[in-house]
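Remarks on the overall topology
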Amino acid sequence: MLAPVAALAQTPSPTPPPPRLPFQDELDLQANAGVVQGSGARAFGMGGAFLARADDATAASWNPAGLSYLRHPELSFVLVDARLGNEKTRLDGTLAENDQRRGRAPDFAAFTYPFSVGSTSGAAQLSFQRVLSFDNTRTIEEPDRVRRIVSNGGFDVLALGSGWQITRGLRVGATLNRWLNGYDQRVEVPAPRAVPTRQNADFRISGWNVNLGLIWSPWESLNLGAVFKTGLTTDVSLQRSRVDFFQSTVDGSVVQTTNAYGRTDLTIDIPRAAGIGASWRPRSNLTLSLDYTRAHWSAGRIRNFFTLARTEPDQPPPTPRFPNDFFPILPYPTLNDIDQRDTSQLRAGVEYVVIKNRLRWPLRAGYFTDGQYFRAATGEAPMFHGFTVGTGLILGPILFDIAYLRETGSYLSIDPVDSSVLQNKVTASRVLASIIYRHARRP
């Protein structure tokens, strides 16, 4: 049941960050700090260095000015398979926690149609992008128990975009983006160290923002690109429920208690981001690209967030109250780090096309750094590193591309239970597959 907003109107503000929120509320985006990036196997095969070379159907997710390169109607689809692991060990080498997750989901889909007005050519596109996927199964192994989380959905964007070639060397573009969907999540936490519990959450978002981009070509072989993605405040509804299992000390029977609560007045501030890039083609079959992107995650906030306490046997279900269960404002997505950091990514990539008779075989590789938004125990924000490889195949009007991305990083953290130091070793990988159909129009 939704509590009246007035019932919490007298809660003090600002809110001091809690020492640590319950496990059910952890939102872990590590190795995903660049959620403001785009999509596509060709782009990620080049390390994601695509801001100045965005010349396929995924252009709108990187730099909408690149839509102006398209000369045929296109249908495109991208699928991603992702894995993320974090192995936590104590300083004596013993395992404290092994956190593994895997998910597969549609990443991008679009229809693009080129057109011209007088001497100015361009293209319009309607696209879908899963900016942040929650389609995964997560297993957290500890020495004495295994926790499981199953999530479905993601933060999705429907975009209407257009790119135009204004002059021979200047292209501009923009997209209007509707953020929607969200995720549902089920968490199972067994004994010991806690009363066994099964918790569910349904988290839904909605909001609008805009992407602006340009590509300037001072010489035919050189592109310079820039993109700006405005920040947004999304409306959020959150519904929670939980079942807890108590064992009677009298006869050993199991007693179940339940609790449920929801609010529709949450908001999330998703930060603005900006990027610049350069792409050079010293030869027609060789492309070198370099990008730099920065996202203002220090301004990320979530408002009116709440956790859900368990119901004790023979007691009424508790309603979230400040300061233990209701939080007027928290940093997002750390939820507890008041000094959340801005992030930056540096990306470099190369594409070489093997040309022999009618055969065109692209080979791609890339490298990137990925600054994280959270602080390690040392007080510094970790920097992860990654590499990518990719290739493609052209079969008539159909273009198929595939890319593999691997990212690693390590940092120290503090165990919230006993305050010991933990060594975190993070490994993330993604496989992206893209299919593009180009319809050649008759003259």
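Predicted, not measured: the structure shown is a model, and the values here were computed from it.

Considering the overall build of the chain
Tallying secondary structure elements over the chain gives two helices and 19 strands in all. A globule of 443 residues ought to have a C-alpha radius of gyration of about 22 Å, and the chain, at 24 Å, matches this closely. A principal-axis box enclosing the C-alpha atoms of the chain has dimensions of 85 × 50 × 35 Å. Going through the 443 residues of the chain one by one, you find that 51% of them count as buried. For the chain, restricting intrachain contacts to residue pairs at least 6 apart in sequence, the fraction spanning at least 24 positions comes to 67%. Of the roughly 20600 Å² of accessible surface on the chain, a fraction of 59% belongs to carbon and sulfur atoms. Each charge class in the chain was averaged separately, 47 positive and 40 negative side chains, and the resulting centres sit 10 Å apart.

Overview of the pairing of strand β2 (residues 95–117)
Across 16 bridges, strand β1 (residues 74–90) lies against β2 in antiparallel orientation. Bridge pairing in β2 places serine 76 opposite alanine 110. If you look at the hairpin formed by β1 and β2, you'll find four residues sitting between the two strands, and glycine 93 has a positive phi there, around 95°. For β2 and strand β4 (residues 136–142), the ladder comprises five bridges, and the chain directions are antiparallel.

Examining the packing of aromatic side chains
All chains considered together, the criterion is met by 15 aromatic pairs. A centroid spacing of 5.0 Å and a plane angle of 75° characterise the contact between phenylalanine 115 and tryptophan 164, whose relative ring orientation is edge-to-face. Of this pair, phenylalanine 115 sits in strand β2 while tryptophan 164 sits in strand β5 (residues 145–165), placing them 49 residues apart in sequence. For phenylalanine 115, a relative accessible area of 31% gives the class partly exposed. By relative accessible area, which is 24% here, tryptophan 164 ends up partly exposed. Geometrically, the ring pair formed by tyrosine 183 and phenylalanine 203 is stacked, given 5.2 Å between the ring centres and 10° between the ring planes. Placement of the pair is tyrosine 183 in strand β6 (residues 170–189) and phenylalanine 203 in strand β7 (residues 197–219), with a sequence separation of 20 residues. When sorted by exposure, tyrosine 183 lands in the same class as phenylalanine 203, which is buried. An aromatic cluster is built from Trp297, Tyr373, Phe374, Phe384 and Tyr411, whose rings are joined through pairwise contacts. Sitting over the face of the ring of tyrosine 69, arginine 171 holds its NZ or CZ atom 3.8 Å from the ring centroid. Cation over ring: arginine 240 sits above phenylalanine 306, and NZ or CZ is 5.7 Å from the ring centre.

Observations regarding the pattern of salt bridges
Following the criterion strictly, the structure yields 30 salt bridges and no others. For arginine 138, the salt bridge goes to aspartate 99, with nearest N and O atoms at 2.6 Å. Separated by 39 residues along the polypeptide, arginine 138 in strand β4 and aspartate 99 in strand β2 bring together distant segments of the chain. Relative accessible area serves as the criterion here: at 10%, arginine 138 is assigned to the buried category. Glutamate 312 is the salt-bridge partner of arginine 310, the closest N and O atoms lying 2.9 Å from each other.

Considering the confidence of the model for the chain
For any part of a model where pLDDT is low, the fine detail of the predicted coordinates should not be relied upon. Scored by pLDDT, the chain comes out at a mean of 88, with 91% of its residues at no less than 70. In the model of the chain, helix α2 (residues 59–62) stands out as the element of lowest mean pLDDT, 89, in contrast to strand β8 (residues 222–229), which has the highest, 97. Within the model, the stretch residues 1–24 combines pLDDT values under 50 with 52 contacts to residues more than four positions away or in other chains.

Describing the nonpolar core
Judged by nonpolar contacts, the single largest core of 38 residues is most densely connected at Phe155, Trp179, Phe203, Ile302 and Phe305. Counting residues per element, this core draws most heavily on strand β10 (residues 254–270), at four residues. Counting residues in hydrophobic clusters, the runner-up holds 21 residues, among them Phe44, Ala123, Phe368 and Leu432.

Let's talk about unusual backbone geometry
Generally, phi is negative for residues other than glycine and the peptide bonds are trans, each holding for most cases. Residue proline 192 follows alanine 191 across a cis peptide bond; omega there is 0°. Residue proline 333 is reached from tyrosine 332 by a cis peptide bond, and omega for that bond is 10°. Following the sequence through the fold, proline 333 ends up in the loop between β14 (326–331) and β15 (343–356). Phi angles above zero are rare outside glycine, and asparagine 181 is one such case at about 75°. Locating asparagine 181 in the fold gives a position in strand β6. Even without being glycine, serine 419 reaches a positive phi, approximately 65°. If you trace the backbone, serine 419 turns up in the loop between β18 (398–414) and β19 (421–438).

As for the side chain of glutamine 165
Here glutamine 165 shows up in strand β5. Classification of glutamine 165 by relative accessible area gives buried; the value is 16%. Only 3.4 Å separates the side chain of glutamine 165 from the backbone oxygen of arginine 168, close enough to count as a polar contact. With sequence-adjacent residues up to four places away left out, glutamine 165 is seen in contact with Ser68, Arg71, Thr120, Ser121, Leu170 and Arg171.

Cut-offs used in this document
Residues numbered from 1 in each chain as written. Predicted model: local features only at pLDDT ≥ 70, side-chain atom pairs only at ≥ 80, totals over all residues. Heavy atoms only, no water. Helix = DSSP H or I, 4+ residues; strand = E, 2+ residues; numbered from the N terminus. Rg over C-alpha atoms; globule rule 2.2 N^0.38 Å. Buried < 20%, exposed > 50% of the residue type's maximum accessible area, 1.4 Å probe, protein only. Contact = heavy atoms within 4.5 Å. Areas by Shrake-Rupley, 256 points an atom, 1.4 Å probe, with all protein chains shown as cover. Lys, Arg positive; Asp, Glu negative; His and termini not counted. Charge placed at Lys NZ, Arg CZ, Asp CG, Glu CD. Pairing = 2+ DSSP bridges. Phe/Tyr/Trp six-rings, centres within 6.5 Å; stacked < 30°, edge-to-face > 60°. Lys NZ or Arg CZ within 6 Å of the ring centre and 35° of its normal. Salt bridge = Lys/Arg side-chain N within 4 Å of Asp/Glu carboxyl O. pLDDT = per-residue confidence, 0-100. Core = buried A, V, L, I, M, F, W, Y, C linked by side-chain atoms within 4.5 Å. Polar contact = N/O pair within 3.5 Å; in protein donor to acceptor, adjacent residues only side chain to side chain.

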